[in-house]
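What follows is the residue order along each chain.
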Amino acid sequence: MAPRPFNPDTAPKVRLTDEDRSAIRADMNKVALKLHEAGIQLYGFYKIHDLVPYWNPLGFDFMCDNWRQLLTAASNAPRLGIDQIDMPGSDNWLKAGVKSVGFTQTGRPPHVHLDIAIDRPGLCRIYILEEAEDRVLDPLRRAKKVTARNSDVFKKIYKRMEGLGIDLDAHIGSHLEAGRLTLDGINFVAKDHNRLLDALTDLKYPAGDKVFFRGAKSARGHFVGNLSFLATDGIGFRQIWQTFPDERPVAVPNSRTGPAMDPKLSARFGDSQNLPDLTSVHCAVSKRMCNVHIDEMGFVVTDAKGNVIVDPDALRHIFVELLWKTDLQGKLPFWALDHVNFTIPSSPNDFSRVGVSVDVAQFGRVKIALNGTCSADGKMETAGSLTLGFKF
């Protein structure tokens, strides 16, 4: 027997309870709030009606009487960028041939996406994109995905290694990942980890001295240097600084350009600006995974006789970079790790201060920090300051 034709009058009807309606409204509000984060307050500012919710992805279609104003607002929203994409999964607009202009939220995922139809005036939709990549606004106001290779962290590390004589493209095989900071660095599986080991081992400065100190998991050789690699997965390499005393000046004032001040009696507004760049490249190479990152404080140097030594700056590296900023990731919020900074006796402060500073507020390029330090040379002199910094 042939099936009966569909009759909408006799078909069973879906009856929603009050709880069902509340749950649907809550889901739709989640989407609207994400759009508000991106710079557009949808409810109450635009005449919207005929809302049709859906899931996978979570979102809803709607009609907007002021769709031209909505299009203008989306084009100028500070956290929305142009993004012409199809909806993940089943896309009814694509099947119907709807022409539209799309916008995606920038920043960290999840992102909200807004489509405004241009051939069917008033038809719009918003939904949540579940994706792993961050997005940034490029010069053409496009919401560009931040991949590991186009991230600032990768670019800085690539340029640094290229300056030392290593082309990372010749060694990166697969599974490239970039961390939040250059201190986290990049991870990748090497095309040939033995070839990378040889390249780092043999790399030399123009004067002929080695660029990297190669570590080992034993007490043989350089005991203190090898001890610094205990937390390294695989074979570790630390950049060697060919540094001599006259190249590491302390914070001595210049009487010709400003009034004299004893740095040990000041509030220590920041590290000495007279010092050279003390950052150092650290590589870890294994068959399973490789890591390249930049330590904020290098501590492997050569003396005047060419001997490799570990200087006292290792103390700052251990407490600030290793224990605080690395080992506590995932255990403390990123805000604390990024905005609470410790002052440890080291070259930038002439090994004279210990304390802590907290970034209490930041407005664009303006940062306000609260600092407190005390002397570490036996005088027990303390100082506190509120600093206002500008980034130009």
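Just above, that's the structure.
Just so it is clear, the model here is predicted, and its values are computed rather than measured.

K.L.:
Is there a simple way to explain the sheet that holds strand β11 (residues 212-214) in this structure?
P.N.:
Backbone-to-backbone hydrogen bonds pair the strands of a sheet. The strands run either parallel or antiparallel. Sheet architecture is open: six strands sit in the order β9-β10-β14-β13-β12-β11, paired in antiparallel fashion. Each end of this open sheet is capped by a strand with a single partner; those strands are β9 (172-178) and β11. Strand after strand, the sheet turns through a mean of 20° between neighbouring axes, direction not considered. As paired strands, strand β10 (residues 186-190) and strand β14 (residues 290-295) are joined by three bridges and run antiparallel to one another. By the bridge assignment, Asn187 is partnered in β14 with Asn291. Its contacts with the sheet put helix α5 (residues 193-202) on β10, β11, β12 (235-239), β13 (280-285) and β14, and the angle it makes with β13 is roughly 150°.

K.L.:
How should I be thinking about the nonpolar core in this particular structure?
P.N.:
General note: in soluble globular proteins, nonpolar side chains tend to be found buried as a group. Ranked by size, the top nonpolar core spans 26 residues in total, and within it Met161, Leu200 and Phe212 carry the most contacts. Among the elements of the structure, α4 (152-164), β10, α5, β13 and β14 are those that each provide at least two residues to this core. With near-sequence residues (within four places) excluded, Phe212 lies in contact with Met161, Leu164, Leu200, Leu203, Phe237, Arg238, Gln239, Ile240, Val281 and Cys283.

K.L.:
Please explain the sheet that holds strand β3 (residues 80-82) as it appears in this structure.
P.N.:
Across the sheet, which stays open at both edges, the six strands sit in the order β1-β2-β6-β5-β4-β3 with antiparallel pairing between neighbours. Of all strands in the sheet, those with a lone pairing partner are β1 (48-54) and β3, marking the two edges. Shown here is a sheet whose adjacent strand axes are inclined to one another by a mean of 20°, direction ignored. Bridge analysis of strand β2 (residues 59-64) against strand β6 (residues 123-129) gives five bridges, and the strand direction is antiparallel.

Thresholds, definitions, all that
- Residues numbered from 1 in each chain as written.
- Predicted model: local features only at pLDDT ≥ 70, side-chain atom pairs only at ≥ 80, totals over all residues.
- Heavy atoms only, no water.
- Pairing = 2+ DSSP bridges.
- Helix = DSSP H or I, 4+ residues; strand = E, 2+ residues; numbered from the N terminus.
- Axes fitted to C-alpha atoms, helices over the stretch in contact; angles between N-to-C directions.
- Contact = heavy atoms within 4.5 Å.
- Core = buried A, V, L, I, M, F, W, Y, C linked by side-chain atoms within 4.5 Å.
- Buried < 20%, exposed > 50% of the residue type's maximum accessible area, 1.4 Å probe, protein only.

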